[in-house]
Amino acid sequence: MMNKKTAPVGVFDSGVGGLTVAREISRQLPDENIVYFGDTARVPYGSKSQNTIIRFSEQIIRFLKTKEVKAIVIACNTASALALDAVKDEFDIPILGVVIPGAAVEATKNRKVGVVGTEATVQSGMYTKVIQGMNPEITVIEKACPLFVPLVEEGFKEHQVTEEVIEYYLESMRSTDIDAMILGCTHYPLLRSKIRAYMG
Ligand code: DGL
C-alpha cells in the first residue's frame, strides 16, 4: 500500500491529447508521480453517447485505482463535460475535470465568449452552464468542430485543408463580437495560431 505522498496522480484522456495536461501537472507539481492512461483504442469520445462516455470513464478510473492513484484528473474535455458529474461521487478518491473556463470569464470585456469543442461537449452545454454559473450576464456561443481532431491527428496543422475547415466552422462565430474564446478540446490548442489568425 502506497502512502499519500508517493502514490501517483492518475490522468486520463480519450487519447494522447491529455499528455499536455499531464505535462502541466508535472511542471506545477514536480514532486508528483503520474500514471497516464490514453484510451487510443476507443478514441474519439466526441462522437459517442453520454452513457458510453460515462462507462468508459468508470472503466478507466477502476483501472487507475489498481495503480493506487490518490487522485484522478480527467484530462479530456468531452469526458469532463459528460462524465465528471456522474463519476465524482461514485469513487472514494478526488476526481477533477478540465472544464475550467475562469480565464475566459475574466478576460471578456463585452461579456461574450465563444467555445469550441467536440459534438458531445457542445451538446452537453456544460461550458455555458459553468460560465453562466460564474457570471450569468455572459453570453456563450458554442460550436462543435469535429473535424479538428482528425486533422490534428493526421498532422495537418499547417495544411491548407485545415484553414478551410477552420473557416467552415468558425465563419458564423467570427461574425459575432465575442472577445474571448475557449478551445474546449485537448486537440484544439494545437491549432491555436491558425484559429487565432482566422478569428483576428
Ligand atoms: N480528448 C477529447 C476532448 O478533449 C478529444 C478527442 C475525442 O473526441 O475523444 O474532448
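These lines cover the structure that appears in this document, whether it is placed above or below. (Residues numbered from 1 in each chain as written. Predicted model: local features only at pLDDT ≥ 70, side-chain atom pairs only at ≥ 80, totals over all residues. Heavy atoms only, no water.)

1. Examining the sheet that holds strand S2 (residues 34-38)
Sheets are built from strands that pair by backbone hydrogen bonding, the pairs being arranged parallel or antiparallel.
Logical step 1: Across the sheet, which stays open at both edges, the four strands sit in the order S2-S1-S3-S4 with parallel pairing between neighbours. With partners counted over all chains shown, the strands left at the sheet margins are S2 and strand S4 (95-96), one partner each.
Logical step 2: Docked against the sheet, helix H1 (residues 19-28) engages strand S1 (9-13), S2 and strand S3 (71-74), running at close to 170° with respect to S2.
Logical step 3: Against the sheet, helix H3 (residues 77-87) makes contact with S1, S3 and S4, and its axis sits at roughly 150° relative to S3, the strand it touches most. (Pairing = 2+ DSSP bridges. Helix = DSSP H or I, 4+ residues; strand = E, 2+ residues; numbered from the N terminus. Contact = heavy atoms within 4.5 Å. Axes fitted to C-alpha atoms, helices over the stretch in contact; angles between N-to-C directions.)

2. Examining the nonpolar core
Nonpolar side chains tend to gather and get buried jointly when the protein is soluble and globular.
Logical step 1: In this structure, Phe 12, Ile 72, Ile 74, Ile 95, Val 113 and Ile 131 are the most contacted members of the largest nonpolar core, which totals 34 residues.
Logical step 2: Secondary-structure elements contributing two or more residues to this core are helix H2 (50-66), S3, H3, helix H4 (102-107), strand S5 (112-117), helix H6 (126-134) and strand S7 (180-183).
Logical step 3: Once residues lying within four places of it in the same chain are set aside, the contact partners of Ile 131 are Pro 101, Val 105, Val 113, Val 115, Ile 138, Val 140 and Ile 182. (Core = buried A, V, L, I, M, F, W, Y, C linked by side-chain atoms within 4.5 Å. Buried < 20%, exposed > 50% of the residue type's maximum accessible area, 1.4 Å probe, protein only.)

3. Re the pattern of salt bridges
Logical step 1: One pass over the structure, following the stated rule, counts 10 salt bridges.
Logical step 2: One salt bridge in this structure joins Glu 24 and Arg 27, with 2.6 Å as the shortest N-O distance. Residue Glu 24 and its partner Arg 27 are both found in helix H1; the two are separated by three residues, about one turn of the helix.
Logical step 3: For Arg 27, a relative accessible area of 58% corresponds to the exposed category. (Salt bridge = Lys/Arg side-chain N within 4 Å of Asp/Glu carboxyl O.)

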